[in-house]
Amino acid sequence: MDSTHAWRSLARVNRATFHPGDQILLRAGGRWSGQLWPKGSGASGAPVTIDRYGDGANPRIDGGGLVDDTVRLSDQEFWTVRHLEVTNQAPATGTPGANLKDLRGIHVTGDNGRQLHGFVVDGVNVHDVTGEVNWIGGSTSDDASGIHFKTGWDRSKRTGGIVFDTTVANVGAPTATPTVLDDVTIQNSVIVNTSFAGISIKQYTGDGPGAVATGWGTRTSPTDARFTPHNNVVIRGNYISQAGTAYGCNGVYVTDVRHAVVEHNVIYRAGTSGIETYFADDVTIQSNEVAETTQKAKGADSNGIDADKGTTKVVVQYNWSHGNGDGILLCQFSFGDVVLRYNAIAGNTRYQVYLHSDKAARAKVHNNTIYDDRSKYAIYGYGTSLTSSYDITDNIIYSKVAGASLTTSSTVRYDNNLYGGASLPVPSGDTHAVRADPQFTGSPDWTVGTPDAGPRLTGAYGLRVRSGSPAINRGVAISDNGGRDYAGTPLYNGKPDIGAFEVG
């Protein structure tokens, strides 16, 4: 079909069933209201593609808060969605939060008990989605318009800009096998002012009213046989900002996944957590800039990056986390293991690194540069969280704040770190400590990356050290070190250096 015979409505597109290799092209600069839900599936190497044609702005589809999902795919596979502008904003009322609903911008879902493969979302602009905020736990006494607590797993955290999740057709009689999404890529997109999350991925578990529990989406141990996550997820090169909404919480909420990479994203002024993993396995979070996360919608946290409950084989590396409440939160409740290496963590207002995991969890924290200029806690933990195992090695820990402290316990093992700044105490267990001025080349640049330029990782380059710094050639070699430093320099250049930058 050529443009002179183009269909005129979304309804006409929605009635059609598409086949491998088909394209749905929307005119650039065009605007439509309602829902786009074309039917059918592509095939491996021949997806169905939604894209634009002609010159001008991305075609806009506006749900107006009247449809649950502005763009929807359900029990379909091998689809590529490109170059759309998507919004789903219910009109405001006189009561703040009263317009928040069960809304999403782009929603990929399914309930047929099969594996669904091959999804690409690329170069889209999703903004102004007024999704309700449902928290897993908490107290219902804290409920407010559009904000609900203690909703459980399945009913929580599934609204926002781009949502990939699965469910069952009958909660009282679920299918014998779960619906699993495989090979998901979300990239090069701008996602702004979308609540609950910018990007969210979830699996069904069966904990709602009248539901039969399946356990597919929750995880009781690292080897839980019922846990059935989605596979092979890439979230790359996106700009996510929640700066203009009081209800935009997580930037990226990566749950119920195995084999995932979250990289080269900018997350700006999210609420609760910039990037959070939860019930996940084998996730690498790298080369992201996460800045100015705050508390929103009555959420308790305000961290840049969070390895949270039931997460295993998580690697957090080469990230620039600054100006948040907490720079990095290690919150592996129940169990978990995480490696935190070659990150620049600076200017966070509460804790630069927050140790908050349970006894069965363990963390390796090495070769980070931690710069504290506004908090009394460079590394902090308390209570039973300090019975988890934390190995803290080869980090530069620097504070300009008089009286700043480091939490210690018998299971928080400091070794071979450089401690500098205003009377920062050296933990007694660090028998190889270096107490000195690291001799930074400058100061951090707090300017945040943009949609066009991406993460401004060079903002941390003022935390490199000068030739002759006491951090040089004073580190301990780490066998599994990732192969490069924060700036991409191969490891090692001579003897190992302390901190996120290898000078040699």
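Residues numbered from 1 in each chain as written. Predicted model: local features only at pLDDT ≥ 70, side-chain atom pairs only at ≥ 80, totals over all residues. Heavy atoms only, no water.

Caption draft 1: Quick look at the overall build of the chain. In terms of helices and strands, the chain carries one helix and 42 strands. The C-alpha radius of gyration of the chain comes to 23 Å, within 12% of the 23 Å expected for a compact globule of 504 residues. Expressed along its principal axes, the backbone C-alpha trace of the chain runs to roughly 75 × 50 × 50 Å. Taking all 504 residues of the chain together, 59% fall into the buried category. When contacts within the chain are restricted to residue pairs at least 6 apart in sequence, long-range pairs at least 24 apart make up 71% of them. (Helix = DSSP H or I, 4+ residues; strand = E, 2+ residues; numbered from the N terminus. Rg over C-alpha atoms; globule rule 2.2 N^0.38 Å. Buried < 20%, exposed > 50% of the residue type's maximum accessible area, 1.4 Å probe, protein only. Contact = heavy atoms within 4.5 Å.)

Caption draft 2: The arrangement of unusual backbone geometry in detail. The omega angle of the peptide bond from Ser195 to Phe196 is 0 degrees, so this bond is cis rather than trans. One can find Phe196 in the loop between β17 (190-195) and β18 (197-202). Residue Leu491 is joined to Tyr492 through a cis peptide bond whose omega torsion reads -15 degrees. With respect to the element layout, Tyr492 can be found in the segment after β42 (434-435). Although it is not a glycine, Asn188 adopts a positive phi angle of roughly 55 degrees. Structurally, Asn188 can be placed in the loop between β16 (180-187) and β17. By relative accessible area, which is 46% here, Asn188 ends up partly exposed. Even without being a glycine, Arg269 presents a positive backbone phi close to 55 degrees.

Caption draft 3: Molecular detail of the environment of Pro496. Within the fold, Pro496 resides in the segment after β42. On the basis of relative accessible area, Pro496 is assigned to the buried category, the value being 10%. For the pair Pro496 and Asp165, spaced 331 residues apart in sequence, the C-alpha separation works out to 43 Å. Excluding residues within four positions of it along the chain, Pro496 makes contact with Asn473, Arg474, Gly475, Val476, Ala477 and Glu502.

Caption draft 4: Region of interest: the packing of aromatic side chains. The full count for this structure, using the stated rule, is 23 aromatic pairs. Here the basic side chain of Lys39 rests over the ring of Trp37, its NZ or CZ set 4.6 Å away from the ring centre. Over the ring of Tyr318 we find Arg484; its NZ or CZ atom is 3.7 Å from the centre of that ring. (Phe/Tyr/Trp six-rings, centres within 6.5 Å; stacked < 30°, edge-to-face > 60°. Lys NZ or Arg CZ within 6 Å of the ring centre and 35° of its normal.)

Caption draft 5: Geometry of the nonpolar core. If you look at the biggest cluster of nonpolar residues, it comprises 77 residues, and the most contacted ones within it are Leu84, Ile162, Phe164 and Ile379. When sequence neighbours within four positions are dropped, the list of residues in contact with Leu84 reads Leu26, Ile50, Asn58, Pro59, Ile61, Val71, Gly123, Val124 and Asn125. Listed in part, the 19 residues of the second largest apolar core include Val434, Val465, Ala471 and Phe501. (Core = buried A, V, L, I, M, F, W, Y, C linked by side-chain atoms within 4.5 Å.)

Caption draft 6: Here's a closer look at the sheet that holds strand β30 (residues 326-330). If you trace the eleven strands from one edge of the open sheet to the other, you get β7-β10-β15-β18-β21-β24-β27-β30-β33-β36-β39, paired in parallel fashion. Each edge of the open sheet is held by one strand with a lone partner, namely β7 (69-74) and β39 (405-406). As judged from the four bridges shared by strand β21 (residues 252-255) and strand β24 (residues 272-278), these two strands associate in the parallel manner. Bridged to Val254 within β24 is Thr277. (Pairing = 2+ DSSP bridges.)

Caption draft 7: Main features of the pattern of salt bridges. Under the defined criterion, the tally for this structure stands at 18 salt bridges. The shortest N-O distance in the salt bridge between Asp102 and Arg158 comes to 3.6 Å. Placement of the pair is Asp102 in the loop between β9 (85-88) and β10 (104-109) and Arg158 in the loop between β14 (147-148) and β15 (160-165), with a sequence separation of 56 residues. Given the relative accessible area of 26%, Asp102 is considered partly exposed. Arg258 is the partner of Asp281 in a salt bridge, and the nearest nitrogen-oxygen pair spans 2.9 Å. (Salt bridge = Lys/Arg side-chain N within 4 Å of Asp/Glu carboxyl O.)

Caption draft 8: Looking closely at the side chain of Arg72. One can find Arg72 in strand β7. Within the structure, Arg72 has its side chain in polar contact with the side chain of Asp69 (distance 2.7 Å). Ignoring sequence-local partners within four residues, the contact set of Arg72 consists of Gln35, Leu36, Trp37, Pro38, His107 and Thr109. (Polar contact = N/O pair within 3.5 Å; in protein donor to acceptor, adjacent residues only side chain to side chain.)

Caption draft 9: Spotlight on the environment of Ala246. Relative to the helices and strands, Ala246 is located in the loop between β20 (239-241) and β21. When its relative accessible area of 47% is taken as the criterion, Ala246 is described as partly exposed. Along the primary structure Ala246 and Leu36 are separated by 210 residues, whereas in three dimensions their C-alpha atoms are 28 Å apart.

Caption draft 10: Expanded view of the pairing of strand β8 (residues 79-82). Across three bridges, the pairing between strand β5 (residues 48-53) and β8 is parallel. By the bridge assignment, Thr49 is partnered in β8 with Thr80. As paired strands, β8 and strand β11 (residues 115-122) are joined by four bridges and run parallel to one another. Paired with Arg82 across the two strands is Asp122, which belongs to β11.

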